[in-house]
Amino acid sequence: GVPVSSRVSTKIQQLLNTLKRPKRPSLKEFFVDDFEEIVEVPQPDPNQPKPEGRQMTPVKGEPLGVVCNWPPALEAALQRWGTTQAKCPCLTALDVTGKPIYTLTYGE
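Everything quoted here is computed from the prediction, not taken from an experiment.

1. With respect to the overall build of the protein chain
Assigned secondary structure in the protein chain consists of four helices and two strands. Taken from the N to the C terminus, the helices and strands of the protein chain come in the order α-α-α-α-β-β. Counting every position in the protein chain, which comprises 108 residues, the buried fraction comes to 6%. Counted over contacts in the protein chain with a minimum sequence separation of 6, partners at least 24 positions apart contribute 9%. Carbon and sulfur atoms form 60% of the exposed surface of the protein chain, whose accessible area is close to 11000 Å².

Structure below.
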């Protein structure tokens, strides 16, 4: 500790000792060795439902007309295109045979 003169009270000495203690715990108190848990690969649940059907892949549609004054943001460009070309198809859902079953337009 600190040399205490007879003129320093006990409470002041306790305060000094409290202030000298480290404010943060050492890193060893925070460090947890969980390397084994990280390396383990979780096994899939055998009761989990399996995917069915074919894998879906996007199909390229018709290219949009070239416009020189498009907004820089995608959302703003879609908003402008949707207001000017509301009846144009935006997204088409196909059935398993490849026939269109639903078409979403920009106006929707």
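2. Observations concerning the confidence of the model for the protein chain
With 73% of its residues at a pLDDT of 70 or more, the protein chain has an overall mean of 77. Mean pLDDT values for the elements of the protein chain range from 63 in helix α3 (residues 35-39) up to 88 in strand β2 (residues 100-105).

About the thresholds
Residue indices begin from 1 for each chain and proceed along its sequence in written order. It should be noted that, the model being predicted, local features are given only for residues of pLDDT at least 70 and side-chain atom pairs only at 80 or more, the latter also being counted only at that level, while totals for whole chains, interfaces and linings use all residues. Hydrogens and waters are ignored; side-chain quantities use all the structure's heavy atoms. Only runs of H or I of at least four residues qualify as helices and only runs of E of at least two qualify as strands under DSSP, and these elements are numbered from the N terminus. Burial here depends on accessible area, computed with a 1.4 Å probe over protein chains only, as a share of the maximum for the residue type. Under 20% is buried, over 50% is exposed, and the range in between is partly exposed. Any two residues whose heavy atoms approach within 4.5 Å are treated as being in contact. For every accessible area listed, the method is Shrake-Rupley and the probe measures 1.4 Å; residues are considered covered only by the protein chains on display. A score from 0 to 100, pLDDT tells how confident the predictor is in each residue.

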